[in-house]
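Summary of the model geometry
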Amino acid sequence: MREHQATSTDSSLPDEARLVRHAKSGNSEAFAELYDACVERVYRYIYFRVTDDIAAEDITSQVFLKAWENLDRYQIGSSPFVAWLYTIARNLVIDFYRAKKGSVPLDEITALPAKEQSPVEEVELRFSLQAMRDGLQALTDEQQQVLILKYIAGLPNENIAKLMNKREGAVRALQMRALQTLSKYMKEKDYL
Amino acid sequence: MTDFEQILEECLDDLEQGASSVDECLTRHPKHAAQLEPILLTAGRVAEGQAVRPSAAFKARARAKLTQHMQVHPRKRVWFNFSMLRLATNLAIVMLALLVTGTAYAQGALPGDMLYAWKLNSELVWRAISSDPIQTDIAIANRRIAEMNAVADDPIRMAEAWKGYQEVRTRLESELDAETLEQILPVIEVEQEPVDEPTLPIIPTPLLNITVTPQPESTALPLPTISIPATSLPKIEPTIQIPLPIP
């Protein structure tokens, strides 16, 4: 957990403001750099919001197309660029569920673990991730949002509060309630 | 927040910062260990989600799609952004507030004052948008007379007000006809009342004295005439003489 936190808390990209400024003025290469820097984080966020990997990829792709079209709406410095992308992603996930009217059954897991692992470890990790992914679906939209933004996207509570238009205290309380609910689910399913 | 929630928050913070492990937290709080354990383990499990990565094939495919999209839909250079739009809106609000305040303040200006021209211009706008220009002109004429009273001791300023009065009077003359007469008479009668009050010591006479002179029906055009003798300033005794057809 410690290692994960260390790698995830850098929510702003180096030179992000310059890239966004260039992209805003029409520089597609600058935007492609932003894509390279953010695509994994956006995918990860969406991956845990939907149970369908194909949908996760499709929505991730749409996030960047929408971001390019609506780049004027992002105010440099108001929040990390990736946080703005999470907002777009969340709306697209909501649209996805509206269109599907329910979750889609999982077919296969295509997401890859970060490090080289033995086949057994990899299977275990995939099993664990899938269990958690299923568990998250049992939470409310806000509970999913706070847990993913905090523990997977690695955003500080301050940014999460801004993103969700809540006070930091409310975000903390929401996180604790979400963890309690998720832990009950994981225990019931023998995932813990 | 309950005791348990406080302990949970403290443990989650410690885990996040790497200050202690799950076991250390449980050892520190044996009373709540059974409750804490699944939650802390769950938090750790959720953090494992950071291991998820999209496939390289997907990343390349999505990047190519994005590049193509950007070529087909290039971003137009916008000369202003939302912050500039907000600034422009704020500026417009300030300008509007200044215009309204300035116009209201200018209504008290007298000839020779800095805001007097503003007052005259605002009267032009007032008249232009008024649904009844004749009543507006009468009100403006009253203003000029009040101004003449106020600046009676200054011949230059008095002359300016007098000039303004003459302009309004000319306009009123041109506006008077058989149709407007019915409208203008009661208004003028009403306008007479305030000037009878002792608050206008210099011009105690009515604003407009109207003499209606019946005329034979054969008169082609019953156009009214206004004559305002202003023989000696500041004594102003305007009179309207209106020839009317005999019923």
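Cut-offs used in this document
Residues numbered from 1 in each chain as written. Chains lettered and ligands numbered in written order. Predicted model: local features only at pLDDT ≥ 70, side-chain atom pairs only at ≥ 80, totals over all residues. Heavy atoms only, no water. Patch = residues over 30% accessible without salt bridge, like charges linked within 9 Å, V, L, I, M, F, W, Y side chains within 5 Å. Areas by Shrake-Rupley, 256 points an atom, 1.4 Å probe, with all protein chains shown as cover. Salt bridge = Lys/Arg side-chain N within 4 Å of Asp/Glu carboxyl O. Helix = DSSP H or I, 4+ residues; strand = E, 2+ residues; numbered from the N terminus. Core = buried A, V, L, I, M, F, W, Y, C linked by side-chain atoms within 4.5 Å. Buried < 20%, exposed > 50% of the residue type's maximum accessible area, 1.4 Å probe, protein only. Contact = heavy atoms within 4.5 Å. pLDDT = per-residue confidence, 0-100. Buried area = accessible area lost by both parts, 1.4 Å probe. Polar contact = N/O pair within 3.5 Å; in protein donor to acceptor, adjacent residues only side chain to side chain. Nonpolar A, V, L, I, M, F, W, Y, C, P; charged D, E, K, R; others polar. Axes fitted to C-alpha atoms, helices over the stretch in contact; angles between N-to-C directions. Parallel < 35°, antiparallel > 145°, perpendicular 65-115°, else oblique.

1. Things to note about a nonpolar patch on the surface
Together, Leu91, Val94, Met95 and Leu98 of chain B give the surface a local cluster of nonpolar side chains, amounting to about 420 Å² of exposed area. Inspection of the secondary structure assignment puts Leu91 of chain B in helix H5 (residues 82–106).

2. Comments concerning the nonpolar core
Residues Phe31, Ile46, Val63, Phe64, Phe81 and Leu85 of chain A together with Leu40 of chain B are the most contacted members of the largest nonpolar core, which totals 87 residues. In terms of residue count, the dominant contributor to this core is helix H3 (residues 28–47) of chain A (twelve residues). Not counting the four nearest positions on each side in its chain, Phe31 of chain A is found in contact with Ala23, Phe64, Ala67, Trp68, Leu71 and Phe81 of chain A together with Leu66 and Met70 of chain B. Of all hydrophobic cores here, the second largest spans 13 residues; its members include Ile134, Ala141, Val151 and Trp162 of chain B.

3. Observations concerning the confidence of the model for chain A
Atom-level detail of predicted coordinates should not be read off regions where pLDDT is low. Looking at chain A as a whole, its pLDDT mean stands at 84, while 85% of the residues score no less than 70. No element of chain A has a lower mean pLDDT than helix H1 (residues 2–8) of chain A, at 39, and none a higher one than helix H4 (residues 53–69) of chain A, at 96.

4. Examining the environment of Ile156 of chain B
By the element assignment, Ile156 of chain B lies in helix H8 (residues 155–175). Linking Ile156 of chain B and Pro111 of chain B, residues 45 residues apart in sequence, is a C-alpha distance of 8.7 Å.

5. Section: the interface of chain B and chain A
With 44 residues of chain B at the interface, the matching set in chain A holds 55 residues. Summed over both sides, the interface of chain B with chain A buries roughly 4,900 Å², with 62% coming from carbon and sulfur. Inspection of the region where chain B meets chain A yields eight salt bridges. The partner of Arg172 of chain A in a salt bridge is Glu9 of chain B, and the shortest N-O contact between them spans 2.3 Å. At the junction of chain B with chain A, the criterion picks out 17 residue pairs in polar contact (both at pLDDT 80 or more). Of all the secondary-structure elements, those providing two or more residues to the side of chain B that touches chain A are helix H1 (3–17), helix H3 (33–47), helix H4 (56–72) and H5 of chain B. Among the residues making up the side of chain B that touches chain A, the classes are represented as 21 nonpolar, nine polar and 14 charged.

6. Section: unusual backbone geometry
Residues and elements named next belong to chain A. At Asn165, a residue that is not glycine, the phi angle is positive and equals roughly 55°. The topology assignment puts Asn165 in the loop between helix H8 (157–164) and helix H9 (168–188). Its relative accessible area of 73% is what places Asn165 among the exposed residues.

7. Here we look at the packing of helix H7 (residues 141–152) of chain A against H3 of chain B
Closest axis-to-axis distance for the H7 of chain A/H3 of chain B pair is 8 Å, and the angle between their directions is 70°. Here H3 of chain B runs roughly perpendicular to H7 of chain A, going by the angle between their axes. Between H7 of chain A, through Leu147, Tyr151 and Ile152 of chain A, and H3 of chain B, the contact on the second element is made entirely by Ala43, Val46 and Ala47 of chain B. Taken together, the residues of the contact of H7 of chain A with H3 of chain B sort by class into six nonpolar, no polar and no charged.

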